[in-house]
Amino acid sequence: MKIKSIQATGNKQTVNLTVENELHNYILANGMVSKNSHSVAYSYITYATAYLKAHYAAEFYTALLTVKSMVLDDEDDENGNENSEVTAGPKTKSKEAFMKKVSEVANECKFFGIELIAPDINHSEMEFSFKGKQIYYGFAGIKGLAHGSIQDIIRQRKNKGTYKDVWDFVESVDKRKINVGKFQVLIESGCFDRLGYDRAELLAASEPIYQYLADMKDYNAQIVKIKERDIERLENEKTGIRKKPALKMKELPIKPIVERHNKIRITLEQIVRQGDLLGVFIGGHPTNILKDKGQRLISRIQQGEQVTIAFYVREVREIKDRKGNLMAFAKIEDSSGTCEAIIFSSVYKNLIGKFEEGSIGLMQARVDSPDGAKVIANKVELLKNKIDEG
């Protein structure tokens, strides 16, 4: 936009206001005019956002997720090495906000019939991307994955085409950028699911795979040395120079077997681990194991209702009440949304040391807010204290 002209209309007395009446027209009784530039700007943004959601939902949410995940640091130093402590995903300070936003967006996407797809080694990009009604999780949103690592994955894929299997992948990428630790992050994020690899099997084979690659590098280097020594020995034989001893060949390394499957099974623990890395549960939710227990979805509870909800604990904060007894505030979620749970000491006394991040169970509670964002627990039944206890 370019300003063509400005015309003076005189002076008017102005004042900044905070008003409670939503119908206020910003014109005071004494003729003063309050500044409404902010309200105009916000109104336009609200309208534009609503329009994009209604007509270009996939594009809008893809852009939103990308912006929220764009806290990137290039870890490559001058020598091409990487600092493993710096990652392309959200920094510590913004990680919680990013994870919360991802979860919110995932739930909104369901409403618009848009599917959020787990990272895919052959389809994901640095940022979030979409195809039709599917949004592919961007590599940059994965916790623990470096910017330089992502660039190498995409660069090799662009140069040689999609990765045919896991061996094609590990033999193509720069092992300084994709070390065994980052390879494991990719596995646990679900990046190799669509290639037919079981996550547990591939994780178990990850270190042997990298060891095999290192052994093969040494094996091939030994072949070169043997050929060079043989040539040197022949030349020394002609000149009468004392021959150096022949080099012995190393044993050929045994290639680990990594099977591919038509269908793979994803366990509860794997879903939770993927959720930790991505900030959202994709393709399943821990509370899905609690079926047919008469529970309500968190997204559908209303103020004043007595409800039973299945929950997965994201965060817990303990405090002491006025009598000095422990109570807790918790952020809980199910497959449909999140809410805050207040657990008073009378209920919490039986949960101390058991109710913690990763716990799964059922909660009988009273909904205490108009939007269903807060519940007060009457009874809590834990299925598992922590998800990794099996």
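Just so it is clear, the structure is predicted and the values come from calculations on it, not from any experiment. (Residues numbered from 1 in each chain as written. Predicted model: local features only at pLDDT ≥ 70, side-chain atom pairs only at ≥ 80, totals over all residues. Heavy atoms only, no water.)

Q: It is not clear to me how the sheet that holds strand β4 (residues 129-131) should be interpreted in this structure. Could you clarify?
A: Consider a sheet: its strands pair through backbone hydrogen bonds, and that pairing is either parallel or antiparallel. Read from one edge of the open sheet, 3 strands run β3-β5-β4, paired in mixed fashion. Among the strands making up the open sheet, the edge pair consists of β3 (115-117) and β4. Each neighbouring strand pair of the sheet contributes to a mean axis angle of 30°, computed without reference to strand direction. Across 3 bridges, the pairing between β3 and strand β5 (residues 134-136) is parallel. Residue pairing across strands places E115 opposite Q134, the latter belonging to β5. (Pairing = 2+ DSSP bridges. Helix = DSSP H or I, 4+ residues; strand = E, 2+ residues; numbered from the N terminus. Axes fitted to C-alpha atoms, helices over the stretch in contact; angles between N-to-C directions.)

Q: How should I be thinking about the pairing of strand β6 (residues 306-320) in this particular structure?
A: Taken residue by residue, a regular strand's side chains alternate between the two faces of the sheet. Across 7 bridges, the pairing between β6 and strand β9 (residues 360-367) is antiparallel. When the sheet's bridge partners are listed, V307 is paired in β9 with A365. Of the pairings in the sheet, the one linking β6 to strand β7 (residues 326-333) comprises 8 bridges and is antiparallel in character. Opposite V313, over in β7, you have I332 as the bridge partner. Counted between consecutive antiparallel strands, the loop separating β6 from β7 contains 5 residues, among which G324 sits at a positive phi close to 85°.

Q: Please clarify how the nonpolar core should be interpreted in this entry.
A: The nonpolar side chains of soluble globular proteins are, as a tendency, buried together. Core analysis: the biggest nonpolar cluster contains 53 residues, and F169, F183 and F192 have the highest contact counts within it. Among the secondary structure elements, those contributing two or more residues to this core are α2 (57-69), α3 (92-111), α4 (147-160), α5 (166-172), α6 (180-188), α7 (199-239) and α8 (268-278). For this core, the element with the most residues is α7, which contributes 8 residues. In contact with F192, not counting residues within four places along its chain, are I121, V166, F169, F183, L186, I187, Y197 and L202. (Core = buried A, V, L, I, M, F, W, Y, C linked by side-chain atoms within 4.5 Å. Buried < 20%, exposed > 50% of the residue type's maximum accessible area, 1.4 Å probe, protein only. Contact = heavy atoms within 4.5 Å.)

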